[in-house]
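# A structural walkthrough
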Amino acid sequence: MTDPATAPEPLRAAVRRAVQAAWERATAEGALPAVPADAVAPVVEIDHPGNPEHGDLASNLALKLAKPLRRPPMAIAEALAGALRAEAADLLGEVSVAPPGFLNMRLAPGAIEAALDAVRSADAAFGRVRVAAPQRLNVEFVSANPTGPLTVGNARGAFVGDLLCRVLEAGGHTVTREYYFNDSGRQVRVLGASVAARRLGEELPEEAYRGDYVEDLARALPAETWSAATAPGADRDGMIGAWASERIRSGIQASLEHLGVRFDVWKSEASLHRDGWVDRAVERLRAGGHIYEEEGATWFRSTTFGDDKDRVITRGNGEPTYFAADIGYVTEKFSRGFDHLIYIWGADHHGTVARVRNAAEAMGYDREHVEMRLVAWVRFVRDGQEVSMSKRAGEFITLDELLAEVGVDAARWSFGSRTPSTPIDFDIELAKKQSAENPVYYVQYAHARIASILRKAVESGIAPAPSLAGAIADDPVAGALAREILRLPEVVEDAATDGQTQGVTAYATELATSFHAYYRDRRVVDPADPATSAARLALVDAARIALRNALALLGISAPEQM
RNA sequence: GCGCCCGUAGCUCAGUGGACCAGAGCAUCUGACUUCGGAUCAGAGGGUCGGGGGUUCGAAUCCCUCCGGGCGCGCCA
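Residues numbered from 1 in each chain as written. Chains lettered and ligands numbered in written order. Predicted model: local features only at pLDDT ≥ 70, side-chain atom pairs only at ≥ 80, totals over all residues. Heavy atoms only, no water.

### What to know about the domain arrangement of chain A
Defined as follows: Throughout the structure description, domain borders are defined by an automatic or database domain assignment.
When the domains of chain A are assigned, the result is domain 1 (4–107), domain 2 (141–267 + 376–435) and domain 3 (438–554). The C-alpha-based centres of domain 1 and domain 2 are spaced at 52 Å.

Structural data, given as structure tokens:
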């Protein structure tokens, strides 16, 4: 994509600055008193009123100022409105005041037209913004251990994490996508033992992975690996487990790429130990007095930071816990220069959030920059019956299977439109049935329809007008669509700021609805009226760009025809 | 028992301090193609926002409490 700097400033941001300036102006001119030193000055908030009669944009600033300024909100609003009319004549048309103290604003038609022209020149960059404080971010997600293929249980984390990354990037942050996997330790040995048993045709051990994929692995095991692993003195289960987990890991990578989810860094747990990150981190904690030995184990004094209990770092048998690797990993990540770490974890991991953040704080990092986002569990249901998922027992539906039935675009939409922290029921039969009715097709259809119109225009020899100046001022139907188009950067700004990414699907739906309404009311290509057609084509082209960019943000295709 | 998350229309879910914001999609019902794509559009019915208290000029949204559901509380990962 193009440099975000080339993207136009969101109109709302421009209005926010104008209102801020008007406030300062009114204060300087004596129309409003200054905020007393002991009071907190409110932040200027601009939103879109639900009722169109209230204008395009509104601010509750006067309501917020009423208390600190000890003035009636209506009087404050009048003072602000007066200053604003002088401050932003080009940007705003009508500025009015409504009880109990709202400041209502209507955009100047010229400002809307100019913004639409900017949309078309920004093209792919439209919708990319720069948040107040762009950061270098590390986002770790999925991170399923390579002891079996990804299941539908991993789907939500994958989609939610990928969407968050896309949104953060569109907001101007620099994002590294990271997958952490456990390639050593007990589970890998169990996997190795399971594969070895299959290879030998033996009964599986009590604790074993039982899925069909274990059988496949046993068949695919190269003869050289097998003979090396079974040589006298060789660590058979460890060696086979290592081979198997790497093979599974690359399969996971392929599955994720099929979903359009790519990682920049694949980090192995073993490498954190091998490269000394874990030892150094523990020493760092020890130097700070946060470590003690008891009952043969090494403990981190997590209770210092409010945890319920202290946490074991090294077991009595000398083996480090998973938590030890987590601590080392934090230092390793920060050593790469990230400002902020984000972890997307399943809700079942919430018990481990505090200890990792506590350890980070103990090592001298700002715990606010170690952020865990918990994704609620998906309850998979088939015909009303819960489908139990167990990799060990071999009872699971793989991610690949789900997507073969539901489709990547529909699945991305389904998970992207829901708040990550809300638990959801996912009925697989219903999803298959409903995949044809997924709202994603509604949005894609709008895009395809626009593409069709543009093709039609080429046939008719009518090109979109280079500029919309003066073209939509007195057409309310066009104005409604234009306003919707111009909201994309605001949606991105909001989502990148608070991480509430589900607003993007809502926006895409609303934009599609606006376009369909426009299509209904205005004939775009009319050979009898080339001038009007050219202007309408330009507007529709801007809608195409907004729709396509919103879908791109969601990782969903924008088809030219369906 | 303690901690975290959740409870909004028949179903799946948005909205989490503002003014017709009580919404969307699906489902149900009624309409609309001799005109740019009907995978569309117009309209209808349907909810004491789990219950109750409180804070506020204003509460689905914040606080308390109760009820209901999920998850966690390992020298597992």
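From this point, things continue past the structure.
### Considerations on the protein's contact with RNA strand B
To be explicit about the condition: The nearness test applies per residue and asks whether one of its heavy atoms lies within 4 Å of the molecule or strand. Polar contact is the term for a pair of N or O atoms within 3.5 Å; when the atoms are in protein, one must be able to donate a hydrogen and the other to accept it, and sequence-neighboring residues count only if both atoms are side-chain atoms. The way it works is that DSSP assigns letters per residue, a run of H or I at least four long becomes a helix, a run of E at least two long becomes a strand, and they are numbered from the N terminus.
Around RNA strand B sit 54 residues, and of these Arg315, Arg418, Thr419, Arg449 and Arg523 come closest. For RNA strand B, the backbone makes up 64% of the atoms found within 4 Å of the protein, where backbone means sugar plus phosphate. In the model, a sugar or linking oxygen of RNA strand B is placed 2.3 Å from a nitrogen or oxygen of the Arg418 side chain. Secondary-structure elements contributing two or more residues to the surface near RNA strand B are strand 4 (102–107), strand 9 (297–300), strand 15 (424–427), helix 17 (439–460) and helix 20 (503–521). Looking at the surface near RNA strand B element by element, the count peaks at seven residues for helix 17.

### Some thoughts on helix 4 (residues 109–122)
This is how it is decided: Expected span of a helix: the number of residues minus one, times 1.5 Å. Classification of residues uses two cut-offs on accessible area relative to the type maximum, computed with a 1.4 Å probe and protein chains only: under 20% is buried, over 50% is exposed, and between them is partly exposed. In what follows, a contact means two residues having at least one pair of non-hydrogen atoms within 4.5 Å.
The terminal C-alpha atoms of helix 4, which comprises 14 residues, lie 20 Å apart, in line with the 20 Å expected from a rise of 1.5 Å per residue. Here helix 4 has its buried residues at Ala111, Ile112, Glu113, Ala115, Leu116, Val119, Arg120 and Ala122. Contacts made by the buried residues of helix 4 are with helix 1 (11–28), strand 4, helix 18 (476–485) and helix 21 (530–554). Immediately downstream of helix 4, the backbone of Asp123 shows phi near 50 degrees, a positive value.

### Observations regarding the pattern of salt bridges
What counts is decided by this rule: Definition used for salt bridges: Asp or Glu carboxyl oxygen within 4 Å of a side-chain nitrogen of Lys or Arg.
Counted by the stated rule, this structure contains 36 salt bridges. A salt bridge links Arg412 to Asp162, with the shortest nitrogen-to-oxygen separation between them at 2.9 Å. One end of the pair, Arg412, is in helix 15 (residues 408–416); the other, Asp162, is in helix 5 (residues 152–170), with 250 residues separating them in the sequence. A cluster of three or more residues bridged by salt bridges with shared partners is formed by Asp162, Arg166, Glu169, Arg177 and Arg412.

### Here's the deal with the packing of aromatic side chains
The cut-off we apply is this: The pairing test for Phe, Tyr and Trp rings, Trp by its six-membered ring, is centres within 6.5 Å, and the orientation test on the planes gives stacked under 30 degrees, edge-to-face over 60, and tilted for anything in between. Lysine and arginine charges are scored as sitting over a ring when NZ or CZ, respectively, is within 6 Å of the ring centre and within 35 degrees of the ring normal.
Enumeration over the complete set of coordinates arrives at 13 aromatic pairs. Grouping aromatic residues by their ring pairs yields a cluster made of Phe141, Tyr179, Phe263 and Trp266. Between Arg249 and the ring centre of Trp266, over which it is positioned, the NZ or CZ distance is 4.7 Å.

### Some thoughts on the nonpolar core
Generally speaking, nonpolar side chains in soluble globular proteins are found buried as a group. Inclusion rule: We define the nonpolar core as a collection of buried residues of types Ala, Val, Leu, Ile, Met, Phe, Trp, Tyr and Cys that are connected through side-chain atoms lying within 4.5 Å of one another.
Within the largest apolar cluster, 148 residues are counted, with the highest numbers of intra-cluster contacts made by Leu84, Leu116, Leu256 and Ile485. Per-element accounting of this core gives the leading share, 14 residues, to helix 21. Each residue touching Ile485, except ones within four places of it in the same chain, is listed here: Leu116, Phe126, Tyr507, Leu511, Leu539, Ala542, Ala543 and Ala546. Among the nonpolar cores identified, the runner-up in size contains 29 residues, and Leu272, Ile291, Phe300 and Val356 belong to it.

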